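# Survey of secondary and tertiary structure
Residues per chain, in single letters:
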Amino acid sequence: VTAAGTLKVAVPSNLNTLDPAKTKIGEEYIVNFLVFSGLTEIDRDGRTKPDLAERWTASDDLKTWTFYLRKGVKFHHGRELDAQDVIATVARIQDKATGSVTRVNFELIDKMEALDNYTVRFTLKAPYAGLADLFSDRQARIVPRDRVELEKNTAYFVPGVPQLDAVVLRIMPESAAQAAAIENGEVDLVWNLPLEAIEQFKKNPNIAIDSVPTSTWDGIIMNGAHKPFDDPRVRRAISLAIDKKAMVELALFGYGTPTHTMIPPGHPFYDNDLKDGPPDIATAKKLLAEAGLPNGFDVTMYTPVGRPTRERIGLAVREMLKPINVRVDIQRVPWDKFINEVEGKQAFYVDGFYSRPTIDASIYPWYHSGGSWNTTLWNYKNADMDKTLDAARAARTESEQKANYIKFQVLALQDPPGVIPYVINHMNAYRKNVKGFQSSPMMWLDLRRVTVQ
């Protein structure tokens, strides 16, 4: 019998991700099963049977498990599956930053070893009889450890592009590994260069650094649903005590620009007449006294682990607020916990957001009283601000838009919901044999006109 034809299937909901580790809904699980394989699978009778693992053994105490992989199994890009792919898949699920809902199941694995290319040994923290069953789970699909390969579409609708035949994306979480790979020619380009690595690259004559200002920002969030940040005088006092120029140096090593709001300097709507001067400690103290806090106050500031610019902001804020007697205790919180337990719930923390495609999309959700991010973050309400942003959204001409966004910036400094100290430069490093590359303010990786010589 020859199988042929196309099967059309109805499903009730859209997919949010194609990354198996991050899937959460039934429609995504369907694609998981159609595209990826697990070490094991569950048959229709509920029994665990081999899939990518042809067999497995467990020690008598059920703490050491050994899986033997099928040989000759190839990913779509042509490389054969090996033990390191299995280890990398599990390590990624275990990483809190991945945010996989199955992470709790794989926390029982204490140690992973590749005994050879086709054999993986897992040592558990405690005896567990169901390890083979766990590897049939929806999120535990095995994915290639190191790369995504993309081939040129020869029928692309723009003649002559792309010029490259293929693009290989290598997955390298560690900045040290990225640095070594570009320096020895293993990769040609490092996207979104870690700021810590820039000085090292500057000294290498074979590597160029390309930088573009963005409207990506980190911010000091003051939640107006909590005291004392429900008082605009307190929020403004904090704002006046922050040295934005110093913050750029401390948090970004100089690779960013101080700003009033998320409108970047250089944008046609940026208000050049507003000056972010040095900290005004006297006025800040006066405002705190008027708010009934002449001796300042104690506050906990939460910073997300693994977001180094935001961690450095927290340390800088602690020092900058000492002169106005605001005593800051820093609590570092893992990223998944930060998203679930800090963002939108705590009073004082550091957060950050990427560029949006328009100025309206960059501002309205954060500053309008009905804005989705405003109600998630700082619960800010200012009737003049609402009128101004509604007028900017309805403006027919660019000059009308500009007038409203100038007014927005004035209001945002007079009655701040928080502090946006800077916008961040997007940095990429590439080897000199790469031609035609330019960084995007949206942080896309536009390679349509790039060539490698």
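Residues numbered from 1 in each chain as written. Predicted model: local features only at pLDDT ≥ 70, side-chain atom pairs only at ≥ 80, totals over all residues. Heavy atoms only, no water.

Counting its regular elements, the protein contains 15 helices and 17 strands. Expressed along its principal axes, the backbone C-alpha trace of the protein runs to roughly 80 × 60 × 50 Å. Taking all 453 residues of the protein together, 45% fall into the buried category. A distance of 1 Å separates the average location of the 56 positive side-chain charges in the protein from that of its 57 negative side-chain charges. (Helix = DSSP H or I, 4+ residues; strand = E, 2+ residues; numbered from the N terminus. Buried < 20%, exposed > 50% of the residue type's maximum accessible area, 1.4 Å probe, protein only. Lys, Arg positive; Asp, Glu negative; His and termini not counted. Charge placed at Lys NZ, Arg CZ, Asp CG, Glu CD.)

Any empty space left between atoms is shown by rolling a water-sized probe over those atoms. Per the stated rule, a full pass over the model turns up two cavities of 30 Å³ or more. Estimates place the volume of the largest cavity at around 50 Å³. Lining the largest cavity, in full, are Ser239, Lys244, His260, Thr261, Tyr367, Ala412, Leu413, Pro416, Gly418, Val419 and Ile420. In the lining of the largest cavity, the residues fall into six nonpolar, four polar and one charged. (1 Å grid on protein atoms, 1.4 Å probe; cavity = no way out; pocket = protein on both sides within 12 Å on 5 of 7 lines; lining within 4 Å. Points joined across faces, edges and corners; volume = space filled by probe spheres on them. Nonpolar A, V, L, I, M, F, W, Y, C, P; charged D, E, K, R; others polar.)

Let us look at helix H12 (residues 359-367). Judged by how many residues are buried, H12 sits mostly within the fold: eight of nine residues are covered. Looking at the buried residues of H12, the elements they touch are strand S10 (207-222), strand S14 (348-353), helix H13 (372-377), helix H14 (383-394), helix H15 (398-414) and strand S15 (418-431). (Contact = heavy atoms within 4.5 Å.)

Considering all chains together, one arrives at 26 salt bridges under this definition. Put simply, Arg103 and Glu107 hold a salt bridge, and the shortest N to O gap is 2.6 Å. Put simply, Arg332 and Glu311 hold a salt bridge, and the shortest N to O gap is 2.6 Å. With Arg332 in strand S13 (residues 326-333) and Glu311 in helix H10 (residues 308-320), this residue pair connects regions lying 21 residues apart in the sequence. Exposure remark for Glu311: the relative accessible area of 16% places this residue in the buried category. Salt bridges here are not isolated pairs; linked through shared partners, they connect Arg79, Asp82, Asp85, Arg145 and Asp146. (Salt bridge = Lys/Arg side-chain N within 4 Å of Asp/Glu carboxyl O.)

So, about the sheet that holds strand S3 (residues 53-58). Reading across from one edge, S3-S4-S6-S5 is the order of the four strands in this open sheet, with antiparallel pairing throughout. The outermost strands of the open sheet, each flanked by one partner alone, are S3 and strand S5 (109-116). For this sheet, the mean inter-axis angle between neighbouring strands, taken without regard to orientation, is 20°. In this sheet, strand S6 (residues 119-124) lies alongside strand S4 (residues 64-69) in antiparallel orientation, the contact comprising five bridges. (Pairing = 2+ DSSP bridges. Axes fitted to C-alpha atoms, helices over the stretch in contact; angles between N-to-C directions.)

Moving on, we come to helix H5 (residues 175-183). An α-helical turn contains 3.6 residues, so a residue and the one three or four places further along point in the same direction. If you check which residues of H5 are buried, you get Gln178, Ala179, Ala181 and Ile182. One side of H5 carries all its buried residues, which in axial view fall inside an arc of 165°. In the core, the buried residues of H5 are packed alongside strand S9 (189-190), helix H6 (198-202), S10 and S15. (Arc of directions from axis to C-beta.)

Taken as a whole and assessed by the stated rule, the structure comprises 23 aromatic pairs. Geometrically, the ring pair formed by Phe67 and Phe135 is edge-to-face, given 5.3 Å between the ring centres and 65° between the ring planes. Residue Phe67 is located in strand S4, and its partner Phe135 is located in the loop between helix H4 (131-134) and strand S7 (147-151); the two are separated by 68 residues in the primary sequence. Each member of the pair Phe67 and Phe135 is classed as buried. (Phe/Tyr/Trp six-rings, centres within 6.5 Å; stacked < 30°, edge-to-face > 60°.)

Next up on the list: the side chain of Ser239. Tracing the chain through its elements places Ser239 in helix H7 (residues 232-241). Filtering out sequence-adjacent residues up to four positions away, Ser239 remains in contact with Pro416 and Val419.

As a packed pair, H14 and H15 sit with axes 9 Å apart at the nearest point and diverge in direction by 155°. When the interaxial angle is binned, H14 and H15 end up roughly antiparallel. In terms of crossing hand, the pair formed by H14 and H15 is left-handed. Of H15, the residues touching H14 (which contributes Asp384, Met385, Thr388, Leu389, Ala391 and Ala392) are Gln401, Asn404, Tyr405, Lys407, Phe408, Leu411 and Ala412. Taken together, the residues that form the contact of H14 with H15 break down as eight nonpolar, three polar and two charged. (Parallel < 35°, antiparallel > 145°, perpendicular 65-115°, else oblique. Left-handed = near helix turned anticlockwise from the far one by under 90°.)

Turning to a nonpolar patch on the surface, a few remarks are in order. A surface patch of nonpolar side chains, amounting to about 620 Å² of accessible area, comprises Leu7, Val9, Val11, Ile30, Leu34 and Val35. Structurally, Val11 is set in the segment before helix H1 (26-35). The class of Val11 is partly exposed, set by a relative accessible area of 41%. (Patch = residues over 30% accessible without salt bridge, like charges linked within 9 Å, V, L, I, M, F, W, Y side chains within 5 Å. Areas by Shrake-Rupley, 256 points an atom, 1.4 Å probe, with all protein chains shown as cover.)

Time to look at the packing of H12 against H14. Viewed as axis vectors pointing N to C, H12 and H14 meet at an angle of 155°, and their least axial separation amounts to 11 Å. Put simply, H12 runs roughly antiparallel to H14. For the element pair H12 and H14, the recorded crossing hand is left-handed. Every residue of H14 that contacts H12 at Asp360, Ile363, Tyr364 and Tyr367 is listed here: Met385, Asp386, Leu389, Asp390 and Arg393.

Going from Val161 to Pro162, the amide bond is cis rather than trans, its omega being -5°. Turning to its location among the elements, Pro162 is positioned in the loop between S7 and strand S8 (166-170). A cis amide bond links Lys227 to the next residue, Pro228, at an omega of 0°. Phi is positive for Leu62, which is not a glycine, with a value near 60°. Assignment of secondary structure puts Leu62 in the loop between S3 and S4. Judged by relative accessible area, Leu62 falls into the partly exposed class, the value being 29%. A positive phi angle, close to 55°, is found at Phe253, a residue other than glycine.

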